Amino acid sequence: MDRAEYASYVYAVCRPLGAGALDGATGVGGHPVHLVAEGDLAAVVSAVPLHEFDESALQANLEDLRWLEAVARAHHGVVDRTARRTVAVPLRLATVYRGDGRVRQVLREEHASFDAVLRRLEGCVELGVKVYAETGARRPEDAPPAEAAPPGESPGKAYLRRRRQQRESRDDAWQRAARLCEEADEALGALSRAREHHRPQDSALSDAPGENVMNTAYLVEDARVEAFLDTVRELDSRASAGTRVEVSGPWAPYSFASPGVGV
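What you see is a predicted model; the values in this text were computed from it and never measured.

K.L.:
Any chance you could break down the overall build of the chain for me, citing the residues and the numbers?
P.N.:
Looking only at helices and strands, the chain features seven helices and nine strands. The proportion of buried residues among the 263 residues of the chain is 42%. Just so you have it, the chain exposes about 14,500 Å², and 49% of that area is on carbon and sulfur atoms.

K.L.:
Tell me about the pairing of strand 3 (residues 41-49), and name the residues and values.
P.N.:
Counting buried residues along strand 3, nine of its nine residues qualify, which places the element largely inside the surrounding structure. With burial as the criterion, each face of strand 3 is covered, one bearing Leu-41, Ala-43, Val-45, Ala-47 and Pro-49 and the other bearing Ala-42, Val-44, Ser-46 and Val-48. In this sheet, strand 3 lies alongside strand 1 (residues 6-14) in antiparallel orientation, the contact comprising eight bridges. Bridge pairing links Val-13 to Ala-43 in strand 3. Of the strand pairs in this sheet, strand 2 (residues 33-38) and strand 3 are connected by six bridges, and their pairing is antiparallel. Within strand 3, the position partnered with Val-33 by the bridge is Ser-46. Between the end of strand 2 and the start of strand 3, which pair antiparallel, lie two residues, with Gly-39 showing a positive phi angle near 65°.

K.L.:
Run through the pattern of salt bridges, naming residues and quoting values.
P.N.:
For the structure shown, the criterion picks out 13 salt bridges. One salt bridge connects Glu-69 with Arg-73, and the closest N-O pair in it is separated by 3.2 Å. Of this pair, Glu-69 and Arg-73 both sit in helix 3 (residues 65-83), four residues apart, which is roughly one turn of that helix. Judged by relative accessible area, Glu-69 falls into the partly exposed class, the value being 43%. Classification of Arg-73 as exposed rests on a relative accessible area of 61%. Across the pair Arg-238 and Glu-234 runs a salt bridge whose closest N-O atoms are separated by 3.6 Å. Accessibility expressed as a relative area gives 47% for Arg-238, which makes it partly exposed. Among the charged side chains, a network of salt bridges with common partners joins Arg-15, Asp-40, Asp-115 and Arg-119.

K.L.:
So what's going on with the environment of Leu-41? Which residues, and what values?
P.N.:
Inspection of the secondary structure puts Leu-41 in strand 3. Relative accessible area serves as the criterion here: at 0%, Leu-41 is assigned to the buried category. Aside from chain neighbours lying at most four places away, what touches Leu-41 is Val-13, Cys-14, Arg-15, Pro-16, Val-36, Leu-107, His-111, Phe-114 and Leu-118.

K.L.:
Quick one: what's the story with the packing of aromatic side chains, residue by residue and with numbers?
P.N.:
Within the structure shown, the criterion is met by four aromatic pairs. Look at Tyr-9 and Tyr-11: their rings are 4.6 Å apart centre to centre, the planes differ by 40°, and that puts the pair in the tilted class. Residue classification places Tyr-11 among the buried positions, given a relative accessible area of 0%. Ring centres of Tyr-9 and Phe-53 lie 5.7 Å apart, and the angle between their planes is 85°; on these two criteria the pair is classed as edge-to-face.

K.L.:
So what's going on with the sheet that holds strand 7 (residues 194-198)? Residues and values would help.
P.N.:
What holds strands together in a sheet is hydrogen bonding between their backbones, with the strands either parallel or antiparallel. Reading across from one edge, 7-8-6-9 is the order of the four strands in this open sheet, with antiparallel pairing throughout. Because the sheet does not close on itself, it has two edges, and the strands there are strand 7 and strand 9 (243-251). Neighbour to neighbour, the strand axes of the sheet diverge by 20° on average, direction disregarded. Sheet analysis places strand 6 (residues 124-133) next to strand 8 (residues 211-221), joined by ten bridges and oriented antiparallel. Each bridged residue has a counterpart across the sheet, and for Val-125 the counterpart in strand 8 is Val-220.

Cut-offs and rules
Residues numbered from 1 in each chain as written. Predicted model: local features only at pLDDT ≥ 70, side-chain atom pairs only at ≥ 80, totals over all residues. Heavy atoms only, no water. Helix = DSSP H or I, 4+ residues; strand = E, 2+ residues; numbered from the N terminus. Buried < 20%, exposed > 50% of the residue type's maximum accessible area, 1.4 Å probe, protein only. Areas by Shrake-Rupley, 256 points an atom, 1.4 Å probe, with all protein chains shown as cover. Pairing = 2+ DSSP bridges. Salt bridge = Lys/Arg side-chain N within 4 Å of Asp/Glu carboxyl O. Contact = heavy atoms within 4.5 Å. Phe/Tyr/Trp six-rings, centres within 6.5 Å; stacked < 30°, edge-to-face > 60°. Axes fitted to C-alpha atoms, helices over the stretch in contact; angles between N-to-C directions.

Structure below.
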């Protein structure tokens, strides 16, 4: 392979793995994955065509949704396989260096940062929790009695009265959702080593019904995962009408893997 035409794509930094731990693993473009070790650190790497990942090409490719989806799937697949075998710091998508020699140099230069993050992530996974609010949704027994139309009410007044009722129903749903968010974050935060609040997901990008009002990642020790999941289920079972709690994972700890290293 002509190394002048290929770059080193780095998926994650981890502790050195035993021989054969990643045998058969392939990454972006189906290229085999290998380890680049430097002291007590190792980078999980595969070769990628430089013409797809140099600065100008990458800017264009990141706007190609099919290309981006294929790269993201391969990236996450390698990260997840690594994280199932050892503590790992997932790197952001399309982290590329000009050769394995440069990767080793980065591991040496940023050893303290990577080492600190690996120590913090040891024995933990990421769990994602979302709270949703469905405005206008309520159990029949929770609904207030419908206001009877006053005798002789004009169509205009009837319209305004219905709009006021709808607004009050929405406000009530948001208040219930806010209380659930506070309760969930307090209970789940107590079971976590760290948390990261993300921007709520745009409903247009999700098939999930309702409005996402809380989107939080929790760093949870392995020994506490079951208690965490049980707590989510309990919160959801007690959630008020029109609100719900969902959990995803466990994942590699993407939200907690920022060593402050520039690409």
